[in-house]
Amino acid sequence: MSGTAVDGNHLFNGRGSTDPADLRQELRAWLEQNCPASMRTPMPADEVPNGGAQGPSPSNPDTFTWMRRAAERGLTLPTAPEAYGGAGFSEDQAAILADEMQRINARPPLLGSGALLLAPMLLRFGSEEQKRQHLPPIAQGEVRWCQGFSEPGAGSDLASLRMRAQPDGDEFVLNGQKTWTSFATVADWIFCLARTDPDAAVRQQGISLFLIDMRTPGITVRPIRLINGDTEFCETFFDDVRVPAANILGGENNGWTVAKALLLEERRATPGWTLAAWPFPLMDVWREQVGKSAAVAERVTDSELNRLALEAALRRAARLANAGSPEAERFVNVVKVWFAEYQQERGSLVTLLREWRGAGWAGAATQGDLDVTRAWLTSRALSIAGGSTEIQLNIISKHFLGLPTS
Amino acid sequence: MTTLPAADLADELQALVESADRFFADHSPASRVRDYLHGDQAVGFDRALWREQAELGWTGIAIPEALGGAGLGIAAAGRLIEVSARRLVPEPFLSTVCLATPVLTAFDCERAQALIRDVAAGTAVIAVAVPSSSAIIQGTLEVEATSSGSGWRLGGRAFALDVPGADRILVPVAVPEGCRWLTIDAPMIPSVAARTLIDGRRGAELDFDGLEVEHEAALGSPVSVSTGLEPILVAGASLVSAWLLGLAEQVFAVTLEYLKAREQFGAVIGSYQALQHRAARLFCELAVARSVLEEALEAVDRGDPDAALLASAAKARTGELALRVASEGIQLHGGVGMTDEANVGLYFKAARVADLLAGHHLVHKSRAAALLGITVEEQPA
């Protein structure tokens, strides 16, 4: 392939150039031309580009246009090689892309567990065949993935999971139950931890990560209703589900290693793209207050100072990660703990100050009010999902402070 | 300013910080603080050590090269200040480097420049009579000047750290046009209530009543009170925040060592989750505070319009956090933490003294609120 960019070609001229300014210029021009105006506004919850064929359609058709255009240039998985639907960018080049997208407030063209979590693991642990099978459909937004990690008896203590995978010829037969499988009703595939060696000396060593087509016979999904009214989380039951042995990612009995890397990726990916997605307009609410009390002013000030601090911390996290600093990893846990508590406090304060407008569930209420209230209710999950705050504190004390296990 | 490439500057700074750390480790054990705390020395620091530190280029780290300094800027000074805070170095970095230097570099008059050269050379210790936190909130100064003959007649009292010991005093005084910064030879000002502070430093109330000074004592031209105090409340507060964070990180490290060594109920107490989580939460807060501090110092160096907000955000956070980390440090040490022999108490007391400098953390929270537009109306009676 030549280095010339033409329509329909993945290549960006500047990618091969020694001067990063070339790539920046080219990306800037491309984004200006291809990112629809409505994709440069804050993203409402019903326009999240999760991909897949079965999901509720994002209500704004520009969502698909943007996803398709970005995918044509490999920009939905910028650091994946072109052969797998990516743009073949280095980390530095991806940082330039992120920069230029931020410059015009462009929404991410594609989100969801496939692009954010599984794709990096496929690139790192996948066989050539797995990469070729799974990465392009993820990059195109054609296939939506869900995550099958937690079980009713294995939440924070994930390594105690009991779902069994028994070998039978060149297949495994899976039996058990997964919970908190978000969007399982609309997902096309699931990545799922199951126990392949129940006799392993260390329980973490007997686990494998399976890639499973949700249409496989024996899989049943039941939605769970949450306090915010959402039904995206599900229970997923496996009853003699037969999966080819070739669908294990990262090797048999090596699933814990992959899962740990994936959970780290989740902690890293979550705050970045959700910061804009939390609609807590505290300063607007403060200005609307008829009477302004010192006690309220102090809470508003604390929240604003925490916002400043969190933004500084997110920028520092990005700087450390770009510099490949060993401090970057521990910062991920810090940011996760802080992000959750900041959003919970801010959501609680905004809905309190909105009084009855902040307590509406349904009926005569504006969509904007309802969104804010639901987001506040949802914020309680931020300190539970993706490794609870208590688990983050355990990780910090054991791995970064060197405090011994009792 | 120096024109070295960024990477060379970073290496130079790293080398400087490392050599300072070694120097303080060799020459300034925490026991020095205890000596000054319990001793009756008139001055709370060592003049010979200060000159040595100046020769190594540390007192002039933020001073432009043209005036005899290293020209590395405020962010670099912050790194050095952090390192000195870790050892609670008694030499007058807080008064002369954190407070006096930003005030002096705000003026480009000859008088200010002569003093800056003296600071870089280590031949002058300069104390600053900063208004009290409550005066800062009110926007008033504690010392005022009225014209008298060829100069001014002063009135009022103000507190200054490192007196006795300082050679010169910088004081902002109220004049009809607003605010003037005066520089006065320390021996000219009677001090009352000279005291040893809880952290072993010396400080005194300065009595300006009836003091006559020449017009030449003034730096630059008159400015508003808020402009006059800006070097203290922005660059000064950022540097004091660097001291507070360095201190807080060190007392956290000391506490962590204790958690790994102390045994109760047959195990080291650091193996108990209740204590682990307390430590981990402090770790999170220190990491976030560092992010704010770095942005504040860099904003000051760039002359960013957000520098005032970031500086107050940094001081509001580190002033509160340093004392809280030290308080937790005492609690996690148990009875040992209350003893004079344990270092954790020295950090606790130093945290309070540093918070009082350049406006305490609540003053800066109020300033931040005002800068963010969060103001409360008069309450109905």
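The rules we used
Residues numbered from 1 in each chain as written. Chains lettered and ligands numbered in written order. Predicted model: local features only at pLDDT ≥ 70, side-chain atom pairs only at ≥ 80, totals over all residues. Heavy atoms only, no water. Helix = DSSP H or I, 4+ residues; strand = E, 2+ residues; numbered from the N terminus. Rg over C-alpha atoms; globule rule 2.2 N^0.38 Å. Buried < 20%, exposed > 50% of the residue type's maximum accessible area, 1.4 Å probe, protein only. Lys, Arg positive; Asp, Glu negative; His and termini not counted. Charge placed at Lys NZ, Arg CZ, Asp CG, Glu CD. Core = buried A, V, L, I, M, F, W, Y, C linked by side-chain atoms within 4.5 Å. 1 Å grid on protein atoms, 1.4 Å probe; cavity = no way out; pocket = protein on both sides within 12 Å on 5 of 7 lines; lining within 4 Å. Points joined across faces, edges and corners; volume = space filled by probe spheres on them. Nonpolar A, V, L, I, M, F, W, Y, C, P; charged D, E, K, R; others polar. Arc of directions from axis to C-beta. Polar contact = N/O pair within 3.5 Å; in protein donor to acceptor, adjacent residues only side chain to side chain.

A. Local environment of the overall build of chain B. Across its full length, chain B holds twelve helices and eleven strands. What you see for chain B is a C-alpha radius of gyration of 21 Å, in line with the 21 Å of a compact globule of 381 residues. Over its C-alpha atoms, taken along the principal directions, chain B stretches across nearly 80 × 60 × 45 Å. Each of the 381 residues in chain B was classed as buried or not, and the buried ones make up 57%. For chain B, the distance from the average site of its 30 positive side-chain charges to the average site of its 48 negative ones is 6 Å.

B. Expanded view of the nonpolar core. Counting 180 residues, the largest nonpolar core has Leu154 and Phe208 of chain B as its most contacted members. Ranked by residue count, the leading element in this core is helix α8 (residues 225-261) of chain B, at 19 residues. The next biggest cluster of nonpolar side chains, apart from the first, holds 33 residues, and it includes Ala159, Leu249, Trp256 and Ala261 of chain A.

C. Quick look at empty space enclosed by the protein. Residue and element names in this part refer to chain B. All told, the structure shown has two cavities of 30 Å³ or more when counted by the stated rule. Taken as a whole, the largest cavity holds about 70 Å³ of empty space. Every residue lining the largest cavity is listed: Val33, Tyr36, Gly44, Leu88, Pro90, Asp199, Gly200, Arg201, Leu346 and Ala350. Of all the secondary structure elements, the ones that give two or more residues to the lining of the largest cavity are α2 (31-38) and α11 (344-356). Classifying every residue of the lining of the largest cavity by side-chain character gives six nonpolar, two polar and two charged. Counted as a void, the second largest cavity has a volume near 30 Å³.

D. Quick peek at helix α3 (residues 47-55) of chain B. Residues and elements named next belong to chain B. By the burial criterion, the buried members of α3 are Leu49, Trp50, Gln53 and Ala54. Looking straight down α3, one finds that the buried residues subtend no more than 145 degrees of arc, so they occupy a single side. Of the residues that open α3, the one with a side-chain oxygen 2.9 Å from the backbone nitrogen of Ala48 is Asp46. Positive backbone phi, approximately 95 degrees, marks Gly57, located one or two places after α3.

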